[in-house]
Amino acid sequence: MGADERERNVEVVRRYLRTFVTKDLAELAEVVAEDVQIYGSGAAVQGRHYVEGAVSSPGLTVLDQRIVELLAVDDRVVVSFAQTYRRDATGATTVQSACKMYRLAGGRIVQFWGERDTYGLLRGLGLLPDESIAF
């Protein structure tokens, strides 16, 4: 795999991440395969409709996105990033961090794996108590 293909893969992942800010489902369809395989948070699902649901997230707006680190090797792109969310009902904002790895083929994301700080997101938006959980 050459540098040109790695650069194309990086741009595809950047376009994909940007859809969380723009909510542009047409662009999402251009960069994510319809039968994309998704792994994370203890689940494995398949289909772009899962991603469309995440991008559309009713009641949440992504205000900002910052790519912290990005690494492209062969057909993989690994990204750590942070997104600032607003809970539309209350105006509360918080930052959620995530780390994802994408596999691309033919200029589209065909698989991805990753984790995000959902607990921190929910606490920051006032949907969970701001106290430690006792185990």
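Per an unreviewed UniProt entry, the protein goes by the name SnoaL-like domain-containing protein and belongs to Micromonospora sicca.

**Side note on the overall build of the protein**
When helices and strands are tallied, the protein shows 4 helices and 6 strands. Its helices and strands in sequence order give the protein the pattern α-α-β-β-α-β-β-β-β-α, from N to C terminus. A compact globule built from 135 residues would reach a C-alpha radius of gyration of about 14 Å, and the protein, at 15 Å, matches this within 12%. By principal-axis analysis of the C-alpha atoms, the protein measures approximately 50 × 35 × 25 Å. Here the protein holds 135 residues, and 33% of them are scored as buried. The long-range share in the protein, meaning contacts at least 24 apart out of those at least 6 apart in sequence, stands at 49%. Taken as a whole, the protein presents about 7600 Å² of accessible surface, with 51% of it coming from carbon and sulfur. In the protein, 16 side chains carry a positive charge and 19 a negative one; their mean positions are 2 Å apart.

**As for helix α3 (residues 48–56)**
Regarding α3, the residues found buried are Arg-48, Val-51 and Val-55. Buried residues in α3, looked at end-on, bunch into an arc of 55 degrees, giving them a common side. Buried-residue contacts for α3 involve α1 (3–22), α2 (25–31), β1 (32–40) and β6 (108–116).

**Focus on the nonpolar core**
Formed by 26 residues in total, the largest nonpolar core has its most connected members in Val-13, Tyr-16, Val-51, Tyr-102, Ile-109 and Phe-112. Every element with two or more residues in this core is listed here: α1, α2, β1, α3, β3 (60–73), β4 (76–87), β5 (93–105) and β6. If one sorts the elements of this core by residue count, α1 sits on top with 6 residues. Those residues in contact with Val-51 that sit more than four places away from it in its chain are Tyr-16, Leu-28, Val-36, Ile-38 and Phe-112.

**Some points on the sheet that holds β4**
Backbone-to-backbone hydrogen bonds pair the strands of a sheet. The strands run either parallel or antiparallel. Spatial strand order, β2-β1-β6-β5-β4-β3: 6 strands in an open sheet with mixed pairing. Taken across any chain shown, the strands that pair with only one partner, and hence form the sheet edges, are β2 (43–46) and β3. When the angles between neighbouring strand axes are averaged without regard to direction, this sheet yields 20 degrees. The pairing of β5 with β6 spans 8 bridges and is antiparallel. When the bridges of β6 are listed, Met-101 appears paired with Trp-113. On top of the sheet, α1 reaches β1, β3, β4, β5 and β6; it is set at about 165 degrees to β3, its chief contact. Contacts from α3 reach β1, β2 and β6 within the one sheet, and its direction differs from that of β1 by about 75 degrees.

So, how was this worked out
- Residues numbered from 1 in each chain as written.
- Predicted model: local features only at pLDDT ≥ 70, side-chain atom pairs only at ≥ 80, totals over all residues.
- Heavy atoms only, no water.
- Helix = DSSP H or I, 4+ residues; strand = E, 2+ residues; numbered from the N terminus.
- Rg over C-alpha atoms; globule rule 2.2 N^0.38 Å.
- Buried < 20%, exposed > 50% of the residue type's maximum accessible area, 1.4 Å probe, protein only.
- Contact = heavy atoms within 4.5 Å.
- Areas by Shrake-Rupley, 256 points an atom, 1.4 Å probe, with all protein chains shown as cover.
- Lys, Arg positive; Asp, Glu negative; His and termini not counted.
- Charge placed at Lys NZ, Arg CZ, Asp CG, Glu CD.
- Arc of directions from axis to C-beta.
- Core = buried A, V, L, I, M, F, W, Y, C linked by side-chain atoms within 4.5 Å.
- Pairing = 2+ DSSP bridges.
- Axes fitted to C-alpha atoms, helices over the stretch in contact; angles between N-to-C directions.

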